[in-house]
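Chain by chain, the residues:
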Amino acid sequence: MSSALTDLCPCPIVQAPMAGGGSSPALAAAVSEAGGLGFLAAGYKTADGMYQEIKQVRGLTARPFGVNLFMPQPDLADPAAVDVYRHQLAGEARWYETPLGDPDSGRDDGYDAKLAILLDDPVPLVTFTFGCPVREVVDALRKAGTRTAVTVTTVDEALAAQRSGADAVCVQGIEAGGHQGTHRDNPEADGSGIGLLALIAQVREAVPLPIVAAGGIMRGAQIAAVLAAGADFAQLGTAFLVTPESGAPALHKQAMTDPLFTRTELTRAFSGRPARGLVNRFMREHGPYAPAAYPEVHHMTSPVRKAAAKAGDPQAMALWAGQGHRLARELPAGQLVEVLAAELGAAEAALGQRGGV
């Protein structure tokens, strides 16, 4: 493991930042306390909401943790396409008795205000999704004592992260649940993402930065596999989503292993950006028609998703899940870290024995 990040956690297990409530302070603290690296997701929160969660984590653990920021998005959406999709969703609004959200509710996710807080009151690690920060931001965080990482889905994005001065890259394979962290949302590239093992090898040969591998990882043997492939850490989201400390809705947790939900797909239906989730009615009916319009579509569908959750109806919720969701285990987060570490040790020992034959 590279020395750039290893002092942050004793074992190479990172809990993915899951925007929308999954990454609660209790979850981040429990993972860090168990020897992994816990994460808060600042996405969709106000700057003060992020700060309050940071304070909560600090009250629960003295160990390092990270905070993930969404990069501000360029205004590339076609207003006409957004309006057509709004009309298509009118039936959902009537059914769940809630108005659709305002698509023009903001596109920077409070980035500057959040960054100002993180510079004034630093945390050990800050990561960036949906783009790459400029070098001045990375340098300012480094001066404040914070290390940085950028989510990447291609070699070109990894090279951009290196040029920005980032300390590490989070290499996200197509298997990952939730949003693909592409730096540029290109509809023509939908479905062309790279699998995690292939992407790790490509990035490892292109940049010398430490690699955090993410995408479909649910077992210690898979952690051993990505480490053997060249990663320094493994990041798991879906695996931690079902823990009692996770802030995900109960319906979302239950859906991970519910036989009613047989597969995952990438969809723009809920947010206007490609994201992997369990296939439900909303995704089937609206996914083929959803425009490339993030965060406009996210803002529009947010009230419907919340109303569906309140009504106990998972068929209109964004049930983000990685391809390994069937392997989810309802263990306390700290215990899950211990089990994963034990599985990792066993897998590495087996690999060592085979290598000695």
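Refer to the structure above for everything that follows.
Conventions used here
Residues numbered from 1 in each chain as written. Predicted model: local features only at pLDDT ≥ 70, side-chain atom pairs only at ≥ 80, totals over all residues. Heavy atoms only, no water. Buried < 20%, exposed > 50% of the residue type's maximum accessible area, 1.4 Å probe, protein only. Helix = DSSP H or I, 4+ residues; strand = E, 2+ residues; numbered from the N terminus. Pairing = 2+ DSSP bridges. Right-handed = clockwise from strand over helix to strand, strands pointing away. Axes fitted to C-alpha atoms, helices over the stretch in contact; angles between N-to-C directions. Contact = heavy atoms within 4.5 Å. Phe/Tyr/Trp six-rings, centres within 6.5 Å; stacked < 30°, edge-to-face > 60°. Arc of directions from axis to C-beta. Salt bridge = Lys/Arg side-chain N within 4 Å of Asp/Glu carboxyl O.

Colleague: Break down the pairing of strand β8 (residues 211–214) for me, citing the residues and quoting the values.
Modeller: Across a regular strand the side chains alternate sides, sitting on one face of the sheet and then on the other. Residues Ile 211 and Ala 213 line one face of β8 and the alternating positions Val 212 and Ala 214 line the opposite face, and both faces are buried. Direction of pairing for strand β6 (residues 168–172) relative to β8: parallel, over a ladder of four bridges. Paired with Gln 172 across the bridge in β8 is Ala 214. In the classification by handedness, the crossover that spans β8, the intervening helix α9 (residues 220–228) and the parallel strand β9 (residues 233–236) is right-handed.

Colleague: So, the sheet that holds β6: which residues are in play, and what are the values?
Modeller: Strand order in this open sheet of eight strands is β1-β9-β8-β6-β5-β4-β3-β2, and the pairing throughout is parallel. One side of each edge strand has no neighbouring strand; the edge strands of this open sheet are β1 (13–15) and β2 (38–41). Neighbouring strand axes in the sheet, compared pairwise and without regard to direction, differ in orientation by 25° on average. Helix α7 (residues 155–164) contacts β5 (147–152) and β6 of the sheet and is inclined by roughly 160° relative to β5. Its contacts with the sheet put α9 on β1, β8 and β9, and the angle it makes with β9 is roughly 135°.

Colleague: With reference to specific residues and values, describe the pairing of β9.
Modeller: Of the two faces of β9, the one holding Phe 233 and Gln 235 and the one holding Ala 234 and Leu 236 are both buried throughout. Across three bridges, β1 lies against β9 in parallel orientation. In the sheet register, Gln 15 faces β9, and the bridge partner there is Leu 236. Both β8 and β9 contribute to a ladder of three bridges, which runs parallel. What sits directly across from Val 212, in β9, is Phe 233.

Colleague: Describe the packing of aromatic side chains, and please don't skip the residues or the numbers.
Modeller: The final tally for this structure, using the stated rule, is five aromatic pairs. For the pair Tyr 44 and Phe 70, a centre-to-centre distance of 5.3 Å together with 80° between the ring planes defines the contact as edge-to-face. Of this pair, Tyr 44 sits in the loop between β2 and α2 (47–60) while Phe 70 sits in strand β3 (residues 65–70), placing them 26 residues apart in sequence. The exposure class assigned to Tyr 44 is partly exposed, which follows from its relative accessible area of 31%. Note on Phe 70: relative accessible area 9%, which makes it buried. Judged by centre distance (5.7 Å) and plane angle (90°), the ring pair of Phe 270 and Trp 320 falls under edge-to-face. Of the two residues, Phe 270 sits in the loop between β10 (264–267) and β11 (275–278) while Trp 320 sits in the loop between α13 (296–310) and α14 (333–356), which places them 50 residues apart along the sequence. With respect to burial, Phe 270 and Trp 320 carry one shared label: buried. An aromatic cluster of three or more residues is present, and its members are Tyr 44, Phe 70, Phe 130 and Tyr 294.

Colleague: Before we move on, can you summarise unusual backbone geometry with the specific residues and values?
Modeller: Note: most peptide bonds trans; most residues except glycine with negative phi. Cis peptide bonds are those with omega within 30 degrees of zero, and the linkage from Tyr 294 to Pro 295 qualifies with 10°. Relative to the assigned elements, Pro 295 resides in the loop between α12 (281–286) and α13. Unusually for a residue other than glycine, Asp 109 sits at a positive phi of about 55°. As for its placement among the helices and strands, Asp 109 is situated in the loop between α4 (90–95) and α5 (111–120).

Colleague: So what's going on with the environment of Gly 287? Residues and values would help.
Modeller: Within the element layout of this structure, Gly 287 appears in the loop between α12 and α13. Separated by 29 residues in sequence, Gly 287 and Asp 258 place their C-alpha atoms 21 Å apart. In this view, Gly 287 contacts Thr 267, Ala 269 and Phe 282; residues no more than four positions away in its chain are not counted.

Colleague: Quick one: what's the story with helix α6 (residues 135–143), residue by residue and with numbers?
Modeller: Inspection of α6 places Val 137, Val 138 and Leu 141 among the buried residues, and these make up the whole buried set. Looking straight down α6, one finds that the buried residues subtend no more than 100° of arc, so they occupy a single side. Facing away from the buried side of α6, by more than 90 degrees, are the exposed residues Glu 136 and Lys 143. If you follow the buried residues of α6, they end up packed against α5, β4 (125–129), β5 and α7. Taken from the residues just after α6, Gly 145 is the one with a positive phi, measuring 95°.

Colleague: Account for the pattern of salt bridges, naming residues and giving values.
Modeller: Inspection of the entire model under this criterion finds 17 salt bridges. Linking Arg 268 and Asp 185 is a salt bridge whose minimum nitrogen-to-oxygen distance equals 2.8 Å. Here Arg 268 is found in the loop between β10 and β11, whereas its partner Asp 185 is found in the loop between β7 (178–179) and α8 (196–206), with 83 residues between them in sequence. Among the charged side chains, a salt-bridge network with shared partners connects Arg 135, Asp 139, Arg 142 and Asp 167.

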